[in-house]
Amino acid sequence: MTASTLSVDRTDRSVGVAHRIAELIEPLVGGPLPVRLQAWDGSVAGDASAPRVLLRSPSALRRLLWSPGELGAAQAYVTGELDVDGDLAAALDHVWGVVRARRLSAIRPGPASLVRLAKLAKDLGVFGRPLPPPVSQASVKGRLHSMLRDRAAISHHYDLSNDFYELVLDSHMAYSSAYWTSDSPNYTLDDAQRDKLDLVCRKIGLDKRAGQRFLDVGCGWGSLSLHAAQEYGAQVVGVTISREQKAFIDKRIADRGLQDNVEIRIQDYREIPDGPFDAVASIEMGEHVGEANYPTYTAALHSNVKPGGRVLIQQMSRREGDNPGGGAFIESFIAPDMYMRPVGRTVAMIEEAGLEVRDVHALREHYVRTVDVWTERFEARFEDVVAMVGEEVARVWRLYLIGGGMAFRDNRMGVDQILAVRSENGSSEMEPVRPVWVCPR
């Protein structure tokens, strides 16, 4: 990202806003500011070689005063009150490296520091009531993971605009990690998503015979549902609670003449009435059901697959002790009520539902590459994105894509395909030798 720098660069910086902020913060962080800070009065402080952060408005400090850390910084960034001059990814990498090296996440200011902070805030005119949250910040109400609240949380993210997602995603409209089987420069995101869809279909046994009933739980924009019907002759039921997604898939069904093969429903996973199916898959939907409801979710998958049928869950994970919601920014702007856990705990909960886990396939590096391409597409179409959803939402997504890619790259988040089967009397009906699930060319 390139943001225009402030035009004023005063030579007398010793009395400016940036210098006063540095004087307060540097003793707390055990060294110079990790950024080159330029304030709204033109004053500058910090290492001249570090990324330049622009405080364009006193409102940025007011947000940080009331929400120190990630949330306040994100609010100020998406509103444009705080900006980065240059590459946002490089700046976040630099700051994150300093935080880890100096162990800044463990620092807590003492009473004297808080008094100095309050005095500075008053002197700079930023002391006051909290500012309203940005309009792009989610607001969901009701009992956690009730059907009504879940619909609101999903709508906040997935009903943004089908046209917007078409700008960023591949032609399949697969909003999940791809499966990259080639390093050829001619091998594209479309190819990698096709290979992921094919991998899922083969893992759950849709290649064994045509006409199997297949349930796609949390079907998104229909990439897996349509692939299963077109390539494997499956009879598909896909469920979503996003009306925008259903409208999009229904059009594709009609365009491809698949009305007799695919049915898309506005339906919660807790409401599916017509199982069991021959096979079930749920791709990056389990993160949205919550910790308390996860046993209900896995029980629904178990009850909706026939004995001997296979279930595949592709799901993101977090390391033990990390924020299970993905952090204040993700929870506030992207996916309210999201919950992730270490993959081992998810495996245990799937088994507790009565399913036998047969395979865990880590795809973390595949997600890094997937998000990299999404980010490239997003940046190449940034002006179109702004015209479509506005500057603030565009900045939310820039921060989301860059931060998410870093999280997968640094192993702070993972993603896995977990293949399970509903064994019956000890028989899994699985091959005695693990097959090589290579996508056919």
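Position labels on residues start from 1 in each chain and follow its written sequence. Totals for whole chains, interfaces and linings use all residues, but because this is a predicted model, local features are given only for residues with pLDDT of at least 70 and pairs of side-chain atoms are given and counted only at 80 or more. Working from all heavy atoms in the structure, the side-chain values ignore hydrogens and water.

Considering the sheet that holds strand β10 (residues 356–362)
Filter applied, for reference: Two strands are said to pair when DSSP picks up at least two bridges between them. Counting from the N terminus, the helices are DSSP H or I runs at least four residues long and the strands are E runs at least two residues long. Here the axes come from fitting lines to C-alpha atoms, over the contacting stretch only for helices, and the angles between their N-to-C directions go from 0 to 180 degrees. By definition, residues are in contact when any of their heavy atoms lie within 4.5 Å.
The seven strands are arranged β7-β6-β5-β8-β9-β11-β10 in an open sheet whose pairing can be described as mixed. Whereas interior strands pair on both sides, the edge strands pair on one side only; in this sheet they are β7 (262–266) and β10. Averaged over all neighbouring strand pairs, the angle between strand axes comes to 15°, with direction disregarded. The sheet contact formed by β10 and strand β11 (residues 413–421) spans six bridges and is antiparallel. Across the sheet, residue Val360 finds its bridge partner in β11, namely Ile418. Contacts between helix α11 (residues 294–303) and the sheet are confined to β5 (213–217), β8 (277–283) and β9 (305–318), with β9 contributing the most and set at about 145° to the helix.

Some words on the nonpolar core
Our working rule: Residues belong to one nonpolar core when they are buried, are Ala, Val, Leu, Ile, Met, Phe, Trp, Tyr or Cys, and are joined through side-chain atoms within 4.5 Å. Only protein chains enter the area calculation, which uses a 1.4 Å probe; residues under 20% of their type maximum are buried, those over 50% are exposed, and those in between are partly exposed.
By size, the foremost hydrophobic cluster in this structure holds 76 residues, and its most contacted members are Tyr175, Phe329, Trp374 and Trp397. At 11 residues, helix α16 (residues 391–409) tops the list of elements feeding residues into this core. With 26 residues, the next largest nonpolar core counts Leu224, Leu226, Val262 and Ala281 among its residues.

Quick look at the side chain of Glu284
As a reminder, the rule being used: His is not counted, nor are the chain ends, whereas Lys and Arg count as positive and Asp and Glu as negative. Any Lys or Arg side-chain nitrogen located within 4 Å of an Asp or Glu carboxyl oxygen qualifies as a salt bridge. Each polar contact in these results corresponds to two N or O atoms within 3.5 Å; when the atoms are within protein, one needs to be able to donate a hydrogen and the other to accept it, and residues that are neighboring in sequence are counted only if both atoms are side-chain atoms.
Within the element layout of this structure, Glu284 appears in the loop between β8 and α11. Buried charge without a partner: Glu284 forms no salt bridge, and the closest opposite charge is Lys196, 5.9 Å away. Looking at Glu284, its side chain comes within polar contact range of the side chain of Tyr367, at 2.5 Å. Every residue in contact with Glu284, bar those within four places of it in the chain, is listed here: Tyr175, Ser176, Ser177, Gln314, Met316, Tyr367 and Val415.

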